[in-house]
Amino acid sequence: MELILPQKIKFIFVAIVLIFATNLKAQTKTYATVVANESRVDNATNAVDGDLVTKADINAGSGVLAGIGAYSGHLDLEYPANLPANTTSFTKIETEDDLLPSLLGGSLGGLLSEITGILLLGNQEFSVLAQNDAVTVLEKQSNAVNGFSTDDVRVVTDKNNDYFLAVTPEQEYNRIRIENRMGSLIGLGNTRELGVYETYYTTGAGACGLPSYTSFSGNGVSLDLLDLGGAGVKDPHLAIDGDPTTYSELGLGIIGVAANMQQTVYYDTDSDPNDNVYIILGADPSLINVGLLNNVDVSARNGVQNVFSGDLSSLLDVDLLGLLENGDNAIVAFNPGGAVDRVTVNLESLLNVAVGQQLRIYDIFRAPEQPELAASSTDVNICSGSTVDLIAESNGTATELRWYDAETGGNLLATVNSGDPYTTPVLNADQTYYVAAAHIGCTEESPRVEVPVTVAAIPTATDITVVGNDNPICSQNNVVLVPSSSNNLTFNWFLDANETMPITDGMVLDGATYNIDANGVLTVSGLTEVNSPYTFYVGATDTAAGCTNAPGDVKAVPVTIVDSTDAVSVTLDSVINLPSLISIFQGNPATNVTGSVTGDASPGDEITLAVNGETYTGILDANLDFSVAVDGINLLSDIDNILEAFISGGLCTSTDDITVVIPDFILDNLNQVFCASDDVTLLDLDVNGNNVLFFDSLLGSAELDVNAPLVDGGTYYVGLLNVPLSVLPRIAVTVTILNTPAPTTINETQTFCVANNPVVADIQVNESSVIFYDSATDGTMLDPSTALVDGTTYYVANTENGCESTTRLAVTVLVEEQEVATITGIFEDACLEDSYMYTTESGKQNYVWTVAGGTITEGGTSTDSFITVTWDDLQNTSVVVSYDNAAGCTSTENTLEVAVISCGEVLGEEFCLFVYNEFTPNNDGYNDFFEVKCIEDYSSNTLKIFNRNGNRVFETVNYKNDWNGVANVNGVLSKGNHLPSGTYYYTLAIPELNRTLKGWIQLAR
C-alpha cells in the first residue's frame, strides 16, 4: 500500500489537547499573544508573532567569578483567555546543549544522557511552568529525575526529528513560562541560549490520520544495554514520516530479565470514533517463531484515559502472520472503539532467547476501516463488451471511496461517496480494481480492497460440440443429443435458428416428447422416419456472466430417423468404490467402464459412451460385453451421473442411458470430543483415512494447517484430497474440547507427620478424582502409595470425563519428625499441700495433661500449655503431657516424676535444716521464737512471713531464730504490733542451696 502523507512540520514543544472529535472541520491554532514577563531575552516579541520560523532567545550565563555575574533568564507567554484544564499547549523551542534527544526517552533520559555525554544535571538546564497569571499550576525541570516522563509534560519529536514539549495541566491556566539557567558543570565565562518560537494550542477536529509527534520510554534496561546491547529506540521519528520504507526500531537486545521498551505517537486532534488504527511493522522471523508477538502490546488512549489495549498476536490473521514469518512487513489494523489521540506500541522482553529482540515500526496512521463490498460486487462476472457498476460502503463520517487500478500506486480512477457506484469502462478482458476508504480532504486511506472483474466471451456456435447424431437413429430408440464445450457453459435448445421457439423440458409437440437434463442433454422420443431429417438448434449461456449466443449464431444439429424396431439395453458392471475414486483424482484417471448389451446388437458393433461432454468408443465382443477406457475424472464429474450409450452397427443407432453410482464419503463420528490436556490438532480428528484435507467452510478454498490446534465448539470441514466438491461434498465435524478445571486445595503447603508414614494419596485436594505427577508438565505419574518426601513439590491434575486438567496444582510437602514434649517446673522437694505451675511448649493444640498424686487447680485443658497442681500425696506423684502440632502430629508423651515432701522437714539431716512449725511468743521463756534448726549456717537467707490473706507481716535478712511474732512491716498491722494467734505462711530463701523453703507455721499466744 502506498501512503501519501502531509508536508513536514517544524520543531515544536507540545502540550496535547484532549478534544473529542465529533465532526470533520478545520483545525485552528490559537497562539499566545502577549509577553507577560521576561528577563534576559533577545527579540521577545518573536515568540508572540504567530510565526513558527522566528524565535526569541532566553539567555543564561555562568559569570566571571564564583557567585559574581551569573544570571538566568525567563520568558512568560500569555494567551488572550484562560484555557480549560487538560488543554495542551505546544511551545516550539531549541536548546544550545543537546538535551532534547535524551529527554525524548522519558524514563530513560538519565541513562541516555550518560551515553551522549550531555548530562541532564549540571549542563544547560531549563524549566517549563504553566501558570494562571502568577500562580504556578504545573512545573517540570529538565534536571529532575524523570522530569519529562509523565503525560502532563513530555518531550516529543516530529517527523523532521525536531523536538517538542507537551504540557497538559490539570488546572485552568493562561501562561506558559520557560526558564533557562546554567548548571554547575559549566565553567565560568560561558553562556547558553534557549530558543522559543511560539506557544499555541489547537482547537477543532481533524480526521486526517498521520501523527504529528512521537516519544519513547522503557524500564528494566541497563546503561550497557542501551549503549552497546541494542536496547532503546532508533530513529523514532521515522515511524511518523509517512514513508513506509523507513522505520523506527524498538530494541531490548539479548536480555535475561523482565524489561520493556515502548514508543508512543501523538495526534493533534482526536480520531473519528469509527476509524481504524493501522500499524505497518516487521520483525526477525526467528523472533516470530519463538513467540515475540505475544510480548508486543498495543494500546490507544485519549489523553490519560485508556480506550483500547491488546497483544499483537490477537490482532493478526493467518495471512498477516504468514507475512511476518516470511520476513515481510504486515499492516496490523484495530478499531479502538472510540476517539483516541495517541497510540503506544510496547515490547516486553522474551526471557531465555539468545537472539537480539527488535521490532520495526514503519508507520502508524489512522483511517476509516477498509470498505465493505456490496454483495453484487463480491463475485463480478460480465460479458465482453459491457460495463459494470462496482459498489462499496465505508463506515464513519465524512468518508469517500477511491477506486484504483493497482494494489499500490497506480491510477486514481474515481472518487465516489460511500454506497455510490463506480462504473467501469467497457471491458473485453479480465480486470482487477481496488477500492480504499478515506476521510474527505485527507491523503491517508485504508488499505485497498481487491475487486476482481471476470469478463466472459460471448458464446458462439463454434464453442459447442454435439454427439448423438453422427449416424441415423432407430425410431424405436430415443434421440439423445449430448452438447459439450471447453468453456463453462449451460445449453439451451431451440426448434429454430433465431431462438424464437425454445424447447423446454417435458414439452410435447407433434407426437414427440422432449426432455432436457441438468447437463443440457436433449432426449427426444416419438420421432419417425416420415418427417426425417429433423434439425434442432443449441445455444449456450456462460454460467457465471449469463452471456448468450447472438441471435442466429447457434449450432444446427441435424438428426436422421430410420423406422426400425431395434432396441438395446445396456448394463453396467463397473463399480466405483471410494479407494478407486481417490486414486482417480490423485493422478490415476484412466478407468475402464465395463458392461454388457442385450437386445438388437451384434458382436463387433461399436459402442460409444458420452461422458461429461466427451465421447469414448469400444467394440462389443462375442458375448456382447464391452470395456471402454474413459477419463475417470470426466466420469465422476458428470452432473447427473448418467452416461449416454450409442450402439452403432446396422442401419441405425440404438441408445440407452446408464447410471453411474458415486460412492458416498461417510464419517462415523460427526461430533468428536477431546481433552484440552491432550493439545489436540486437526491430525487428531477421526476421519477414516489419510487422504483428507481440512477447510474452514463448506465451500471455501482456505485449507487449514493440519497442525492447527482444535478449538472448542469449532466446526471443521473434511474433504478428500484433490476430489472436487461437485463429486463429493465436504463433511462437517463439530469439536467439543473438555477443559477440566485444575484441582483446588485448602493449603498449597501441607505438613505431615513422619510417624504416620504419609503417602502421596494423603495430599489434601478438594476433588475426588485426581492424578499425581512429579512435574508441572509432562513428567512421571506417581503411584498414590508412594511415600512423601520432605520438601518435595507434587503436582496434581484433576480428571473429569476421562480428561485431565491442563493446569496442575502444585503442593509442597513438609514431613516433620515427631516432637518431644518437655515439662518445666519444680520436680524435687515440692511441698505437700502447696501449688506449683508446670509448663510445656506453647502454640500447640490438643494438649493432654495427666496428674498423679495431686489436684489440678488451674489450666490443664486441651488448649492450655500449663497446669497448676496442688500436691496431695508424698508418693507416686507425677505430671504427664502430650500435644499435637499444627500439622496434627502427636508429640511423644513426657512424664515428670515429682518428689513431694512435708515441708516441716524440708531437706533432712543432710543439710541440718529443720523448720519447727509451731511457737508460742508469750514471754514465758519457752518456745517464744520461730526456730529453724541450723539456719545460722546459711547467713544469706531471707525470711518472709505472710498472713492467711497473703499480706506480708514480717521480713528479714540473715534470720537468727529471733522472731517473736511482732510485725516489722506496715500493712494490715502497724510495724511493732503483736500478731494475733493463727496460721501464717513463710518463705525462706537460702541462696547457698539455691532453694526457697515454703510452709506454714502456727502462732499461739
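Residues numbered from 1 in each chain as written. Predicted model: local features only at pLDDT ≥ 70, side-chain atom pairs only at ≥ 80, totals over all residues. Heavy atoms only, no water.

You'll find the protein entered in an unreviewed UniProt entry as Gliding motility-associated C-terminal domain-containing protein, with Cellulophaga fucicola given as the organism.

**Student:** For this particular structure, what's the right way to read the state of the cysteines?
**Tutor:** Per the stated rule, a full pass over the model turns up three disulfides. Covalent S-S linkage joins Cys383 and Cys547, the inter-sulfur distance amounting to 1.7 Å. One quick way to see it: the torsion about the S-S bond of Cys383 and Cys547 is about -115°, and its sign makes the bridge left-handed. Placement of Cys383 in strand S25 (residues 380-383) and of Cys547 in the loop between strand S39 (534-542) and strand S40 (555-559) is noted, with a sequence separation of 164 residues between them. Owing to a relative accessible area of 1%, Cys547 belongs among the buried residues under this scheme. Shown here is the disulfide that connects Cys753 with Cys889, its sulfur atoms set 1.6 Å apart. On the sign convention where negative is left-handed, the bridge of Cys753 and Cys889, at about -105° about the S-S bond, is left-handed. Here the residue Cys753 occupies a position in strand S53 (residues 749-753), and Cys889 occupies one in the loop between strand S64 (878-884) and strand S65 (894-897), the gap between them amounting to 136 residues. Take Cys889: its relative accessible area is 5%, and that puts it in the buried class. (Disulfide = S-S within 2.5 Å. Helix = DSSP H or I, 4+ residues; strand = E, 2+ residues; numbered from the N terminus. Buried < 20%, exposed > 50% of the residue type's maximum accessible area, 1.4 Å probe, protein only.)

**Student:** In this structure, what is going on with the pairing of strand S12 (residues 173-181)? I would like to understand it.
**Tutor:** Side-chain positions along a regular strand alternate between the two faces of the sheet. In terms of burial, S12 is largely enclosed, as nine of its nine residues are buried. Pairing of strand S5 (residues 73-83) with S12 involves seven bridges; the strand directions are antiparallel. Note on S12: the bridge partner recorded for Leu83 is Tyr173. (Pairing = 2+ DSSP bridges.)

**Student:** Before we go on, may I ask you to explain the pairing of strand S73 (residues 995-1003) in this structure?
**Tutor:** Where strand S68 (residues 918-919) and S73 come together, two bridges link them in parallel fashion. Following the sheet pairing, Glu918 is matched in S73 by Gln1002. Across nine bridges, strand S72 (residues 982-990) lies against S73 in antiparallel orientation. When the bridges of S73 are listed, Tyr984 appears paired with Ile1001. Counted along the chain from S72 to the antiparallel partner S73, the turn is four residues long, and its residue Asn994 has a positive phi close to 55°.

**Student:** Explain the confidence of the model for the protein here, please?
**Tutor:** In low-pLDDT segments, the atomic positions of the prediction should not be examined closely. Chain-level pLDDT for the protein is 86 on average; 92% of the residues reach the 70-or-more range. Element-level pLDDT for the protein is lowest in helix H3 (residues 223-227), with a mean of 56, against a maximum mean of 97 in strand S29 (residues 421-423). Confidence drops under pLDDT 50 across residues 1-25; counting only partners more than four residues distant or on other chains, this segment forms 129 contacts. For residues 905-909, every residue scores under 50 in pLDDT, and the model assigns this stretch 10 contacts once sequence neighbours within four places are set aside. (pLDDT = per-residue confidence, 0-100. Contact = heavy atoms within 4.5 Å.)

**Student:** Sorry if this is basic, but what is going on with the side chain of Arg154 here?
**Tutor:** In this structure, Arg154 sits in strand S10 (residues 153-157). The buried charged residue Arg154 lacks any salt bridge, with Asp151 as its nearest oppositely charged partner at 5.0 Å. A polar atom in the side chain of Arg154 sits 3.2 Å from the backbone oxygen of Phe148. Among the polar contacts listed, one links the side chain of Arg154 to the side chain of Ser215, at a separation of 3.1 Å. (Lys, Arg positive; Asp, Glu negative; His and termini not counted. Salt bridge = Lys/Arg side-chain N within 4 Å of Asp/Glu carboxyl O. Polar contact = N/O pair within 3.5 Å; in protein donor to acceptor, adjacent residues only side chain to side chain.)

**Student:** How should the environment of Asp57 be read in this particular structure?
**Tutor:** Within the fold, Asp57 resides in strand S4 (residues 56-61). Sequence separation of Asp57 and Thr892 is 835 residues, and the distance between their C-alpha atoms is 88 Å. When near neighbours in sequence (up to four residues on either side) are disregarded, Asp57 contacts Arg40, Val41, Asp42, Glu193, Leu194 and Gly195. A polar side-chain atom of Asp57 sits 2.6 Å from a polar atom in the side chain of Lys55.

**Student:** I would appreciate a short explanation of the sheet that holds strand S2 (residues 34-39) in the present structure.
**Tutor:** Two modes of strand pairing occur in sheets, parallel and antiparallel, and in both the strands are linked by backbone hydrogen bonds. Strand order in the open sheet formed by five strands is S2-S5-S12-S7-S8, and the pairing between neighbours is antiparallel. Two strands close off the open sheet at either side, each with one partner strand: S2 and strand S8 (135-141). This sheet shows a mean twist of 15° between the axes of neighbouring strands, independent of strand direction. Summarising the sheet, strand S7 (residues 125-132) and S8 pair through six bridges and their orientation is antiparallel. Bridge pairing in S8 places Ala130 opposite Leu138. (Axes fitted to C-alpha atoms, helices over the stretch in contact; angles between N-to-C directions.)

**Student:** Just checking my understanding: could you explain the packing of aromatic side chains for this structure?
**Tutor:** A ring pair, where both rings are aromatic, is described by two values, the distance of the centres and the angle of the planes. Tallied over the entire structure, the rule returns 21 aromatic pairs. On the numbers, 5.2 Å between centres and 20° between planes, the contact of Tyr278 with Phe365 is stacked. Residue Tyr278 is found in strand S18 (residues 276-282), and its partner Phe365 is found in strand S23 (residues 357-367); the two are separated by 87 residues along the sequence. A single burial state applies to Tyr278 and to Phe365, both of which are buried. (Phe/Tyr/Trp six-rings, centres within 6.5 Å; stacked < 30°, edge-to-face > 60°.)

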